[in-house]
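Structure assessment
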Amino acid sequence: MSYILETFGLVKRFGGLVAVNRVDIKVRRNSITMLIGPNGAGKTTFVNVCTGVLKPDEGKVLFNPANDESKKLDITGWPPHKVYKSGFVRTFQIPQPFLALTVLENILVALGGKGENPVIAPLRHLWVREEEERVKKAFEIMRKVGLEDYWDWEAYRLGAGQLKMLEVARALAAGAKLVALDEPIGGTDPAYAHEIFKHIQSLARSTDVSFLVIEHRIDIALPFADYVYVMDRGAVISEGPPDKVANDPKVIEVYIGG
Ligand SMILES: Nc1ncnc2c1ncn2[C@@H]1O[C@H](COP(=O)(O)OP(=O)(O)O)[C@@H](O)[C@H]1O
Ligand SMILES: [Mg+2]
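Residues numbered from 1 in each chain as written. Chains lettered and ligands numbered in written order. Predicted model: local features only at pLDDT ≥ 70, side-chain atom pairs only at ≥ 80, totals over all residues.

So, the packing of helix H3 (residues 103-111) against helix H5 (residues 160-173)
Interhelical geometry of H3 versus H5 gives an angle of 30 degrees and a closest axis separation of 8 Å. Taken together, H3 and H5 sit at an angle that is classed as roughly parallel. Of the two possible hands of crossing, H3 and H5 adopt the one that is right-handed. For the pair formed by H3 and H5, the contact residues are Val103, Asn106, Ile107, Ala110 and Leu111 on the first element and Leu166, Ala169, Arg170 and Ala173 on the second. Taken together, the residues that form the contact of H3 with H5 break down as seven nonpolar, one polar and one charged. (Axes fitted to C-alpha atoms, helices over the stretch in contact; angles between N-to-C directions. Helix = DSSP H or I, 4+ residues; strand = E, 2+ residues; numbered from the N terminus. Parallel < 35°, antiparallel > 145°, perpendicular 65-115°, else oblique. Left-handed = near helix turned anticlockwise from the far one by under 90°. Contact = placed C-beta atoms within 7 Å. Nonpolar A, V, L, I, M, F, W, Y, C, P; charged D, E, K, R; others polar.)

And the structure:
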(Lines give C-alpha, C1' and ligand atoms only; values in the text may rest on other atoms or scores of the structure.)
(Ligands and ions follow the chains in the order given, each with its own letter.)
Protein backbone atom coordinates (compact mmCIF):
# COMPACT_ATOMS: atom_id res chain seq x y z
CA MET A 1 0.00 0.00 0.00
CA SER A 2 1.35 3.38 -0.99
CA TYR A 3 0.64 6.38 1.18
CA ILE A 4 0.90 9.97 0.05
CA LEU A 5 0.64 11.32 3.60
CA GLU A 6 1.45 9.80 6.98
CA THR A 7 1.36 11.35 10.41
CA PHE A 8 2.97 9.86 13.48
CA GLY A 9 1.97 10.84 17.00
CA LEU A 10 0.83 14.29 15.97
CA VAL A 11 0.00 16.55 18.94
CA LYS A 12 -1.38 20.10 19.06
CA ARG A 13 -2.20 21.82 22.33
CA PHE A 14 -4.01 25.09 22.96
CA GLY A 15 -3.03 25.90 26.54
CA GLY A 16 -4.41 23.02 28.60
CA LEU A 17 -6.57 21.67 25.77
CA VAL A 18 -5.12 18.85 23.68
CA ALA A 19 -6.90 19.51 20.37
CA VAL A 20 -4.95 16.81 18.50
CA ASN A 21 -3.78 13.96 20.69
CA ARG A 22 -1.17 11.60 19.19
CA VAL A 23 -2.89 11.16 15.86
CA ASP A 24 -1.58 8.63 13.32
CA ILE A 25 -3.31 8.95 9.98
CA LYS A 26 -2.39 7.56 6.58
CA VAL A 27 -3.78 8.87 3.31
CA ARG A 28 -3.75 6.26 0.56
CA ARG A 29 -2.65 7.38 -2.86
CA ASN A 30 -5.43 8.04 -5.42
CA SER A 31 -8.09 7.70 -2.78
CA ILE A 32 -10.55 9.71 -0.79
CA THR A 33 -9.61 9.49 2.85
CA MET A 34 -12.26 10.95 5.07
CA LEU A 35 -11.86 12.44 8.50
CA ILE A 36 -15.15 12.60 10.38
CA GLY A 37 -16.23 13.32 13.93
CA PRO A 38 -18.40 15.66 15.96
CA ASN A 39 -17.80 19.39 16.23
CA GLY A 40 -14.69 20.22 18.22
CA ALA A 41 -13.15 16.78 17.61
CA GLY A 42 -9.94 18.36 16.27
CA LYS A 43 -10.39 17.69 12.54
CA THR A 44 -9.64 21.21 11.32
CA THR A 45 -6.76 21.58 13.76
CA PHE A 46 -5.28 18.32 12.48
CA VAL A 47 -5.35 19.55 8.86
CA ASN A 48 -3.97 22.93 9.94
CA VAL A 49 -1.04 21.24 11.64
CA CYS A 50 -0.37 19.06 8.57
CA THR A 51 -0.45 22.01 6.15
CA GLY A 52 1.69 24.40 8.20
CA VAL A 53 -1.08 26.75 9.30
CA LEU A 54 -0.27 25.67 12.88
CA LYS A 55 2.95 24.22 14.28
CA PRO A 56 2.67 20.80 15.92
CA ASP A 57 3.84 20.36 19.50
CA GLU A 58 4.90 16.76 18.87
CA GLY A 59 4.97 14.23 16.08
CA LYS A 60 5.85 13.95 12.44
CA VAL A 61 4.22 14.61 9.07
CA LEU A 62 5.61 12.79 6.04
CA PHE A 63 4.54 13.63 2.50
CA ASN A 64 5.37 11.52 -0.54
CA PRO A 65 4.11 13.46 -3.61
CA ALA A 66 6.30 11.67 -6.16
CA ASN A 67 5.36 8.14 -5.07
CA ASP A 68 9.03 7.52 -4.43
CA GLU A 69 10.13 6.45 -0.95
CA SER A 70 13.56 8.00 -1.50
CA LYS A 71 11.97 11.41 -2.19
CA LYS A 72 9.60 11.37 0.75
CA LEU A 73 9.47 14.78 2.44
CA ASP A 74 9.44 15.40 6.17
CA ILE A 75 7.14 18.45 6.10
CA THR A 76 6.74 18.68 9.89
CA GLY A 77 6.50 22.34 10.85
CA TRP A 78 7.03 23.67 7.31
CA PRO A 79 5.47 27.07 6.59
CA PRO A 80 2.19 26.95 4.61
CA HIS A 81 3.61 28.30 1.33
CA LYS A 82 6.30 25.63 1.30
CA VAL A 83 3.78 22.84 1.97
CA TYR A 84 1.60 24.28 -0.83
CA LYS A 85 4.52 24.39 -3.27
CA SER A 86 5.43 20.80 -2.48
CA GLY A 87 1.97 19.73 -3.74
CA PHE A 88 -0.15 19.51 -0.60
CA VAL A 89 -2.90 22.09 -1.04
CA ARG A 90 -5.55 22.95 1.46
CA THR A 91 -8.31 24.72 -0.36
CA PHE A 92 -8.45 27.85 1.73
CA GLN A 93 -4.73 28.41 1.11
CA ILE A 94 -5.64 29.30 -2.43
CA PRO A 95 -6.73 32.91 -2.59
CA GLN A 96 -10.50 33.20 -2.93
CA PRO A 97 -11.51 33.10 -6.58
CA PHE A 98 -11.37 36.45 -8.31
CA LEU A 99 -15.11 37.01 -8.45
CA ALA A 100 -15.02 39.38 -11.42
CA LEU A 101 -12.97 36.93 -13.49
CA THR A 102 -14.47 34.05 -15.42
CA VAL A 103 -13.99 30.41 -14.48
CA LEU A 104 -11.45 30.05 -17.30
CA GLU A 105 -9.52 33.16 -16.23
CA ASN A 106 -9.42 31.99 -12.61
CA ILE A 107 -7.88 28.69 -13.67
CA LEU A 108 -5.40 30.39 -16.00
CA VAL A 109 -4.20 32.56 -13.11
CA ALA A 110 -3.64 29.46 -11.00
CA LEU A 111 -1.75 27.79 -13.88
CA GLY A 112 0.61 30.77 -14.08
CA GLY A 113 2.86 31.30 -17.08
CA LYS A 114 4.96 33.75 -19.01
CA GLY A 115 1.99 35.85 -20.12
CA GLU A 116 2.00 37.46 -16.68
CA ASN A 117 5.64 38.44 -16.86
CA PRO A 118 5.62 42.18 -17.71
CA VAL A 119 8.96 41.91 -19.52
CA ILE A 120 7.93 39.00 -21.72
CA ALA A 121 4.25 39.92 -22.12
CA PRO A 122 4.81 42.47 -24.94
CA LEU A 123 6.76 39.90 -26.93
CA ARG A 124 3.61 38.12 -27.89
CA HIS A 125 5.14 35.69 -30.36
CA LEU A 126 7.24 34.19 -27.54
CA TRP A 127 4.31 33.06 -25.49
CA VAL A 128 1.30 32.69 -27.76
CA ARG A 129 1.90 28.96 -28.21
CA GLU A 130 2.35 28.50 -24.49
CA GLU A 131 -0.87 30.45 -23.94
CA GLU A 132 -2.74 28.03 -26.21
CA GLU A 133 -1.37 25.11 -24.20
CA ARG A 134 -2.51 26.71 -20.95
CA VAL A 135 -6.03 27.26 -22.29
CA LYS A 136 -6.16 23.62 -23.38
CA LYS A 137 -4.97 22.53 -19.94
CA ALA A 138 -7.56 24.79 -18.28
CA PHE A 139 -10.37 23.19 -20.31
CA GLU A 140 -9.14 19.72 -19.34
CA ILE A 141 -9.32 20.71 -15.69
CA MET A 142 -12.77 22.28 -16.12
CA ARG A 143 -14.03 19.06 -17.66
CA LYS A 144 -12.73 17.04 -14.73
CA VAL A 145 -14.58 19.18 -12.20
CA GLY A 146 -17.75 19.61 -14.26
CA LEU A 147 -17.35 23.33 -14.92
CA GLU A 148 -16.74 23.31 -18.67
CA ASP A 149 -20.24 24.63 -19.44
CA TYR A 150 -19.51 27.60 -17.17
CA TRP A 151 -16.10 28.50 -18.58
CA ASP A 152 -17.15 32.05 -19.47
CA TRP A 153 -19.19 32.71 -16.32
CA GLU A 154 -17.82 35.24 -13.87
CA ALA A 155 -17.13 33.49 -10.55
CA TYR A 156 -19.67 35.67 -8.71
CA ARG A 157 -22.47 33.99 -10.70
CA LEU A 158 -21.58 30.50 -9.48
CA GLY A 159 -23.42 28.66 -6.72
CA ALA A 160 -21.74 27.52 -3.48
CA GLY A 161 -21.03 24.04 -4.84
CA GLN A 162 -19.63 25.30 -8.13
CA LEU A 163 -17.34 27.68 -6.22
CA LYS A 164 -16.06 24.67 -4.26
CA MET A 165 -15.29 22.89 -7.52
CA LEU A 166 -13.56 26.02 -8.78
CA GLU A 167 -11.35 25.87 -5.68
CA VAL A 168 -10.54 22.24 -6.49
CA ALA A 169 -9.85 23.23 -10.11
CA ARG A 170 -7.43 25.93 -8.96
CA ALA A 171 -5.69 23.42 -6.67
CA LEU A 172 -5.26 21.06 -9.64
CA ALA A 173 -3.97 23.94 -11.76
CA ALA A 174 -1.44 24.75 -9.03
CA GLY A 175 -0.11 21.19 -9.34
CA ALA A 176 -1.61 19.68 -6.19
CA LYS A 177 -1.01 15.99 -5.56
CA LEU A 178 -2.94 15.98 -2.31
CA VAL A 179 -5.94 18.23 -1.74
CA ALA A 180 -7.36 18.77 1.73
CA LEU A 181 -11.00 19.86 1.71
CA ASP A 182 -12.60 21.08 4.93
CA GLU A 183 -16.34 20.40 4.67
CA PRO A 184 -16.63 20.76 0.89
CA ILE A 185 -20.39 20.29 0.85
CA GLY A 186 -21.11 22.87 3.55
CA GLY A 187 -23.79 25.26 2.30
CA THR A 188 -24.83 23.14 -0.68
CA ASP A 189 -28.06 21.24 -1.16
CA PRO A 190 -27.97 17.42 -1.06
CA ALA A 191 -28.34 16.95 -4.82
CA TYR A 192 -25.34 19.12 -5.57
CA ALA A 193 -23.41 17.61 -2.64
CA HIS A 194 -23.63 14.26 -4.45
CA GLU A 195 -22.35 15.91 -7.63
CA ILE A 196 -19.38 17.36 -5.78
CA PHE A 197 -18.43 13.99 -4.34
CA LYS A 198 -18.89 12.27 -7.69
CA HIS A 199 -16.39 14.67 -9.26
CA ILE A 200 -13.95 14.27 -6.39
CA GLN A 201 -14.27 10.49 -6.65
CA SER A 202 -13.60 10.42 -10.37
CA LEU A 203 -10.62 12.76 -9.92
CA ALA A 204 -9.18 10.43 -7.28
CA ARG A 205 -9.72 7.41 -9.56
CA SER A 206 -8.64 8.83 -12.89
CA THR A 207 -5.90 11.33 -12.06
CA ASP A 208 -2.82 11.42 -9.88
CA VAL A 209 -4.53 13.31 -7.09
CA SER A 210 -5.52 12.18 -3.62
CA PHE A 211 -8.00 13.76 -1.25
CA LEU A 212 -8.22 14.22 2.49
CA VAL A 213 -11.78 15.29 3.17
CA ILE A 214 -13.13 16.56 6.47
CA GLU A 215 -16.88 16.11 6.75
CA HIS A 216 -19.57 16.05 9.32
CA ARG A 217 -22.54 15.40 7.01
CA ILE A 218 -21.69 11.71 7.01
CA ASP A 219 -25.03 10.58 5.58
CA ILE A 220 -24.05 12.02 2.21
CA ALA A 221 -20.27 11.82 2.41
CA LEU A 222 -19.49 8.40 3.84
CA PRO A 223 -20.42 6.28 0.77
CA PHE A 224 -17.78 8.17 -1.24
CA ALA A 225 -14.94 7.47 1.17
CA ASP A 226 -12.35 4.80 0.46
CA TYR A 227 -11.13 4.88 4.03
CA VAL A 228 -12.38 6.68 7.11
CA TYR A 229 -10.88 7.97 10.34
CA VAL A 230 -13.17 9.02 13.15
CA MET A 231 -11.93 11.60 15.64
CA ASP A 232 -13.42 12.49 18.99
CA ARG A 233 -11.90 14.84 21.54
CA GLY A 234 -8.58 15.01 19.74
CA ALA A 235 -8.03 11.28 19.24
CA VAL A 236 -8.78 8.73 16.53
CA ILE A 237 -11.43 6.42 17.99
CA SER A 238 -12.14 4.27 14.92
CA GLU A 239 -10.84 3.67 11.40
CA GLY A 240 -11.59 1.46 8.43
CA PRO A 241 -13.77 1.22 5.33
CA PRO A 242 -17.02 3.23 5.55
CA ASP A 243 -19.32 0.29 6.30
CA LYS A 244 -17.11 -0.93 9.13
CA VAL A 245 -16.83 2.50 10.72
CA ALA A 246 -20.54 3.22 10.33
CA ASN A 247 -21.35 0.09 12.35
CA ASP A 248 -18.77 0.65 15.07
CA PRO A 249 -20.63 1.14 18.38
CA LYS A 250 -18.02 3.73 19.49
CA VAL A 251 -18.79 5.82 16.40
CA ILE A 252 -22.54 5.50 16.79
CA GLU A 253 -22.17 6.60 20.40
CA VAL A 254 -20.25 9.82 19.65
CA TYR A 255 -22.67 10.73 16.89
CA ILE A 256 -25.77 10.05 18.91
CA GLY A 257 -24.22 11.35 22.14
CA GLY A 258 -23.06 14.51 20.34
N1 LIG B 1 -6.87 28.70 17.67
C2 LIG B 1 -7.42 28.02 18.70
N3 LIG B 1 -7.20 28.39 19.97
C4 LIG B 1 -7.72 27.71 20.99
N5 LIG B 1 -8.52 26.62 20.87
C6 LIG B 1 -8.78 26.20 19.61
C7 LIG B 1 -8.25 26.87 18.46
N8 LIG B 1 -8.69 26.22 17.35
C9 LIG B 1 -9.46 25.21 17.78
N10 LIG B 1 -9.52 25.18 19.13
C11 LIG B 1 -10.22 24.19 19.96
O12 LIG B 1 -9.69 22.93 19.60
C13 LIG B 1 -10.72 21.93 19.57
C14 LIG B 1 -10.76 21.32 18.17
O15 LIG B 1 -11.28 22.28 17.26
P16 LIG B 1 -11.40 21.99 15.70
O17 LIG B 1 -10.10 21.45 15.23
O18 LIG B 1 -11.88 23.22 15.06
O19 LIG B 1 -12.51 20.85 15.66
P20 LIG B 1 -13.39 20.32 14.43
O21 LIG B 1 -12.81 20.84 13.17
O22 LIG B 1 -13.33 18.84 14.54
O23 LIG B 1 -14.78 20.82 14.65
C24 LIG B 1 -12.00 22.64 19.97
O25 LIG B 1 -12.20 22.43 21.34
C26 LIG B 1 -11.70 24.08 19.66
O27 LIG B 1 -12.45 24.94 20.49
MG1 LIG C 1 -13.69 21.98 11.64
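Description of the environment of Met165
With respect to the secondary-structure elements, Met165 resides in helix H5. If we skip the residues at most four places from it in the chain, Met165 touches Val145, Gly146, Leu147, Ile196 and His199.

What to know about H3
Among the residues of H3, those classed as buried are Val103, Asn106, Ile107, Leu108 and Ala110. Two residues or fewer after H3 comes Gly112, characterised by a positive phi angle close to 70 degrees. (Buried ≥ 20, exposed ≤ 12 C-beta atoms within 10 Å, placed from the backbone.)

As for the domain arrangement of the protein
Each assigned domain of the protein is listed here: domain 1 (1-94 + 174-258) and domain 2 (96-172). Using only C-alpha atoms to locate each centre, domain 1 and domain 2 end up separated by 27 Å. Listed as interface residues are 16 residues of domain 1 and, on the opposing side, 13 residues of domain 2. Ranked by residues supplied to the side of domain 1 that touches domain 2, first place goes to helix H6 (residues 190-206) with five residues. The residue inventory of the side of domain 1 that touches domain 2, partitioned by class, reads 10 nonpolar, five polar and one charged. (Domains from an automatic or database assignment.)

Quick look at the environment of Asp57
Tracing the chain through its elements places Asp57 in the loop between helix H1 (43-50) and strand S5 (58-63). Residue Asp57 is classed as partly exposed on the basis of its 14 C-beta neighbours within 10 Å. Each C-alpha atom of the pair Asp57 and Gly146 lies 40 Å from the other, and the pair is 89 residues apart in sequence.

A look at the site of ligand 1
Every residue near ligand 1 is listed here: Phe14, Leu17, Ala19, Gly37, Asn39, Gly40, Ala41, Gly42, Lys43, Thr44 and Thr45. Broken down by element, the residue count for the shell around ligand 1 peaks at three residues, all from H1. Per-class residue counts for the shell around ligand 1 are four nonpolar, six polar and one charged. (Near = placed C-beta within 6 Å.)

Topic: the packing of H5 against H6
The geometry of H5 relative to H6 is characterised by a closest axis approach of 10 Å and an angle of 15 degrees between their N-to-C directions. Here H6 runs roughly parallel to H5, going by the angle between their axes. For the element pair H5 and H6, the recorded crossing hand is right-handed. For the pair H5 and H6, the contacting residues are Gly161, Lys164 and Met165 in the first and Tyr192, Glu195, Ile196 and His199 in the second. A per-class count over the contact of H5 with H6 returns three nonpolar, two polar and two charged.

A short note on the sheet that holds strand S9 (residues 210-215)
Taken in spatial order, the six strands line up as S7-S8-S9-S4-S10-S11 in an open sheet, and their pairing is mixed. The sheet is open, and its two edges are formed by strand S7 (88-90) and strand S11 (235-240), each paired on a single side. Each strand of the sheet is rotated relative to its neighbour by a mean of 20 degrees, with strand direction disregarded. Two elements, strand S4 (residues 32-36) and S9, share five bridges in a ladder whose sense is parallel. Across the sheet, residue Ile36 finds its bridge partner in S9, namely Glu215. This element, H1, spans S4, S7, strand S8 (178-182), S9 and strand S10 (227-232) of the sheet and lies at about 150 degrees to S9. (Pairing = 2+ DSSP bridges.)

Brief notes about the environment of Gly9
Mapped onto the fold, Gly9 is located in strand S1 (residues 3-14). Of the residues examined, Gly9 has 12 C-beta atoms within 10 Å and is grouped as exposed. Sequence separation of Gly9 and Ala169 is 160 residues, and the distance between their C-alpha atoms is 32 Å. If near-sequence neighbours (up to four positions away) are discounted, Gly9 is found in contact with Arg22, Asp24, Glu58 and Gly59.

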